[in-house]
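Structure assessment
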Amino acid sequence: MNIDNPCIPAVNAALEKLLGDLTPDPFDGLLRRDDAYTVVLAALDHLDGLGQRRTTVGELYIWSRVIPGGQALGGHDRLMILLEQAADHGRIRLDHGQVHIGDAPTGGGPGHVWMRQLTTGGAQVELIGAEPWSLGTHCHDETKAWWQCTGCRHGLGQAGAMYVYAVRQQVTDHAAGCPFLPPLPDPS
């Protein structure tokens, strides 16, 4: 989120109104976690609507300090918790301090994350398919998928895509044995 972007004042005005409608806790001055999550998702949705599909954690943090009422979101650690929750819900991808809005995998190329499993070290192993997975739909046996580990970077690329159930077993097996930690955030 480039705060010098001329579209940002419109985003700030909408989010400032949303923040004004929410009541912080009188004891610590912070929004309830659900309310703070709603504000962060609204900011990401506004950026997505402007065609900006990438920002950094640092830019989001600066934005939260600059926008009136943004201090009620909390500090950097709380912002990271909210962004990790958004990543768990498939709304964003976190990659070395970068925030990718949407569900495209971090490894590049086309595709959408269908499932994530944690490695023993805490990195994510992602099962990836060519199309977004619609909730409530059944996966056909012939559906092709591939996988990637965000820790060790091993995986089955799109060129080696296999049937989803075979790939799912590979994801599970890799997650159970991979000791790699999640990628470190970009220091920016």
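The structure presented is a predicted model; accordingly, all values stated were derived computationally and were not measured.

1. What about the overall build of the chain?
Looking only at helices and strands, one finds five helices and eight strands in the chain. Counting helices and strands in the order they occur from the N terminus, the chain gives α-α-β-α-α-β-β-β-β-β-β-β-α. The buried share among the 188 residues of the chain stands at 42%. Counting contacts in the chain only where the partners sit at least 6 residues apart, residues at least 24 apart contribute 55% of the total. For the chain, the accessible surface area stands at approximately 10,000 Å², while carbon and sulfur atoms represent 57% of it.

2. Here we look at the pattern of salt bridges
Should their charged atoms come close, side chains of opposite charge can pair. Tallying each qualifying case throughout the model produces three salt bridges. The partner of Asp 21 in a salt bridge is Lys 17, and the shortest N-O contact between them spans 3.2 Å. Linking Asp 21 with Lys 17, this pair stays in helix H1 (residues 8-21), spanning four residues, or about one helical turn. Comparing Asp 21 with Lys 17 shows no difference in burial state: the two are exposed. With a shortest N-O distance of 4.0 Å, Asp 35 and Arg 32 are connected by a salt bridge. When its relative accessible area of 17% is taken as the criterion, Asp 35 is described as buried.

3. Considering unusual backbone geometry
The backbone of Arg 153 shows a phi angle near 70°, a positive value even though the residue is not glycine. On the basis of relative accessibility, which here comes to 39%, the residue Arg 153 falls in the partly exposed class.

4. Structural notes on the environment of Ala 166
With respect to the secondary-structure elements, Ala 166 resides in helix H5 (residues 164-177). Here the alpha-carbon distance between Ala 166 and Trp 146, two residues 20 residues apart in the chain, equals 9.5 Å.

5. Brief notes about the packing of aromatic side chains
For the structure on display, the rule yields zero aromatic pairs. The cationic tip of Lys 144 hangs over the ring face of Tyr 163; the distance from NZ or CZ to the ring centre is 5.1 Å.

6. Considerations on H5
The α-helix advances 3.6 residues per turn, and as a result positions three or four apart in sequence lie on the same side. For H5, which comprises 14 residues, the first-to-last C-alpha distance of 20 Å matches the rise-based estimate of 20 Å (1.5 Å per residue) to within 8%. Among all positions in H5, only Val 164, Val 167, Val 171, His 174 and Ala 175 are buried. The buried residues of H5 occupy one face: seen down the axis, they fall within an arc of 100°. Seen from the buried face of H5, the exposed residues on the opposite side, beyond 90 degrees, are Ala 176 and Gly 177. Looking at the buried positions of H5, the neighbouring elements they touch are strand E4 (112-118), strand E5 (124-129), strand E6 (144-149), strand E7 (155-156) and strand E8 (162-163).

7. Let's talk about the nonpolar core
Leu 31, Val 39, Leu 44, Trp 63, Leu 83, Ile 92 and Val 99 are the most contacted members of the largest nonpolar core, which has 28 residues in total. Contributions of two or more residues to this core are made by H1, helix H2 (33-49), helix H3 (57-66), helix H4 (76-88) and strand E3 (98-101). For this core, the leading source of residues is H2, giving nine residues. When near neighbours in sequence (up to four residues on either side) are disregarded, Leu 44 contacts Leu 60, Leu 83, Ile 92, Val 99 and Ile 101. Residues Trp 114, Leu 127, Trp 146 and Ala 175 belong to the second largest nonpolar core, which totals 16 residues.

8. Side note on the confidence of the model for the chain
When pLDDT is averaged across the chain, the result is 81; 82% of the residues are at 70 or more. Segment residues 1-7: pLDDT under 50, and 17 contacts once partners within four positions in sequence are set aside and those in other chains are kept.

Reading guide: rules and limits
Residues numbered from 1 in each chain as written. Predicted model: local features only at pLDDT ≥ 70, side-chain atom pairs only at ≥ 80, totals over all residues. Heavy atoms only, no water. Helix = DSSP H or I, 4+ residues; strand = E, 2+ residues; numbered from the N terminus. Buried < 20%, exposed > 50% of the residue type's maximum accessible area, 1.4 Å probe, protein only. Contact = heavy atoms within 4.5 Å. Areas by Shrake-Rupley, 256 points an atom, 1.4 Å probe, with all protein chains shown as cover. Salt bridge = Lys/Arg side-chain N within 4 Å of Asp/Glu carboxyl O. Phe/Tyr/Trp six-rings, centres within 6.5 Å; stacked < 30°, edge-to-face > 60°. Lys NZ or Arg CZ within 6 Å of the ring centre and 35° of its normal. Expected span 1.5 Å × (residues − 1). Arc of directions from axis to C-beta. Core = buried A, V, L, I, M, F, W, Y, C linked by side-chain atoms within 4.5 Å. pLDDT = per-residue confidence, 0-100.

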